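So you can see what is in the structure, the chains are spelled out below.
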Amino acid sequence: AALGHPPGGSHWSKEAQALLPRLQQTFFEAGPSAEQGFFQDRWFNGTMLPVQGCEGYAALFCEVATQEQALAVAATLSDPERFLLNFSLPTVSKADPNYNGRGYWKGSAWLDQTWFAYRGLMLYGEHEGGSSMADLAQDIKRRVFSSGKGFQSKDPTALNEHYDPETGEPIGATHF
């Protein structure tokens with residue numbers, strides 16, 4: 001029920017189901033190989049932005065992707081030349097010419113965005129054929145906790161706003 005109003009909940013559920021195919025068709029861009037692809041933003045004129053960023057894996061968290069699209073996003077995320085870096089997933093692909101792992105939103109890793117990817121991969125990993133996505137989610141989690149500063153049991157480093165995705169070095173605001 002939408003905010004305690006059952007008829008409204010039914011209406012909005014139908015609207016969401018009607019919108020879902022449009023989201024899948026409009027924002028998914030096939031990758032350079034048949035098994036890769038990513039959700040990306042579009043300009044108002046309809047052309048795709050040439051940037052792969054955290055919005056691509058947010059589609060998994062929001063359960064917008066088809067199973068095939070989710071597998072393609074996972075294949076893209078598992079590419080160490082783009083996303084699967086030593087510590088965590090960058091907010092922008094490492095292959096992007098504007099990537100800066102120590103920047104703000106041009107490549108650094110944010111824990112909330114990493115969690116969105118982790119949770120989305122785990123959700124799709126529960127579906128048929130998705131075990132590789134659950135494995136990738138566990139690999140991302142392992143990388144964060146083994147490489148990041150402040151994630152080991154006796155490391156007193158406070159949580160930070162964001163991190164260098166390659167080294168796990170804290171950057172940005174401390175005690176975040």
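Our structure is the block above this text.
These remarks concern the structure in this document. (Residues numbered from 1 in each chain as written. Predicted model: local features only at pLDDT ≥ 70, side-chain atom pairs only at ≥ 80, totals over all residues. Heavy atoms only, no water.)

In terms of helices and strands, the protein carries 5 helices and 4 strands. Secondary structure elements in the protein, listed N-terminal to C-terminal, are α-β-β-α-α-α-α-β-β. The C-alpha radius of gyration of the protein comes to 17 Å, within 12% of the 16 Å expected for a compact globule of 176 residues. Referenced to the eigenvectors of the C-alpha coordinate spread, the extents of the protein come out at roughly 50 × 40 × 35 Å. (Helix = DSSP H or I, 4+ residues; strand = E, 2+ residues; numbered from the N terminus. Rg over C-alpha atoms; globule rule 2.2 N^0.38 Å.)

This paragraph deals with the environment of Gly168. Tracing the backbone shows Gly168 in the loop between β3 (160-163) and β4 (170-174). Residue Gly168 is classed as buried on the basis of its relative accessible area, which comes to 0%. Measuring from C-alpha to C-alpha, the distance between Gly168 and Ser132 comes to 24 Å, with 36 residues separating the pair along the chain. (Buried < 20%, exposed > 50% of the residue type's maximum accessible area, 1.4 Å probe, protein only.)

Let us look at the nonpolar core. In this structure, Tyr57, Leu77 and Leu121 are the most contacted members of the largest nonpolar core, which totals 27 residues. Elements supplying a minimum of two residues to this core: β2 (37-39), α2 (55-61), α3 (67-77), α4 (111-125) and α5 (131-147). In this structure Tyr57 touches Phe38, Leu77, Phe83, Leu89, Pro90, Thr91, Gln113, Phe116 and Ala117, once residues within four positions along its chain are discounted. In this structure, Phe87, Ala109, Val144 and Phe151 belong to the second largest nonpolar core, which totals 5 residues. (Core = buried A, V, L, I, M, F, W, Y, C linked by side-chain atoms within 4.5 Å. Contact = heavy atoms within 4.5 Å.)

Looking at where Thr91 falls in the secondary structure, it is placed in the loop between α3 and α4. Taking C-alpha positions, Thr91 is 4.9 Å from Cys54, a pair spaced 37 residues apart along the chain.

Before going further, it helps to examine the packing of aromatic side chains. Counted under the stated rule, the structure contains 12 aromatic pairs. Between the aromatic rings of Phe151 and Tyr163, the centroid separation amounts to 5.6 Å while the plane-to-plane angle is 55°, which identifies the pairing as tilted. A residue pair is termed long-range when its members are at least 10 positions apart, and Phe151 in the loop between α5 and β3 and Tyr163 in strand β3 qualify at 12 residues. Of the two residues examined, Phe151 and Tyr163, each falls in the buried class. One aromatic cluster is present, built from ring pairs that chain together Phe87, Phe145, Phe151 and Tyr163. (Phe/Tyr/Trp six-rings, centres within 6.5 Å; stacked < 30°, edge-to-face > 60°.)

Here α4 crosses α5 at 155°, and the two axes come no closer than 7 Å. The angle between α4 and α5 places the two elements in the roughly antiparallel class. As for how α4 packs across α5, the hand of that crossing is left-handed. Where α4 abuts α5, its residues Thr114, Tyr118, Leu121, Met122, Tyr124 and Gly125 lie against Ser131, Met133, Ala134, Leu136, Ala137, Gln138, Ile140, Lys141 and Val144. Classifying every residue of the contact of α4 with α5 gives 10 nonpolar, 4 polar and 1 charged. (Axes fitted to C-alpha atoms, helices over the stretch in contact; angles between N-to-C directions. Parallel < 35°, antiparallel > 145°, perpendicular 65-115°, else oblique. Left-handed = near helix turned anticlockwise from the far one by under 90°. Nonpolar A, V, L, I, M, F, W, Y, C, P; charged D, E, K, R; others polar.)

The final tally for this structure, using the stated rule, is 6 salt bridges. Residue Asp139 is joined to Arg142 by a salt bridge in which the shortest nitrogen-to-oxygen separation is 2.6 Å. Pair noted here: Asp139 and Arg142 are both in helix α5, with a separation of 3 residues, about one helical turn. With a relative accessible area of 47%, Arg142 lands in the partly exposed category. Across the salt bridge formed by Asp139 and Arg143, the nearest N and O atoms sit 3.2 Å from each other. You can see Asp139 and its partner Arg143 sitting in helix α5, 4 residues apart, about one turn around the helix. Three or more residues joined by partner-sharing salt bridges are found here, namely Asp139, Arg142 and Arg143. (Salt bridge = Lys/Arg side-chain N within 4 Å of Asp/Glu carboxyl O.)

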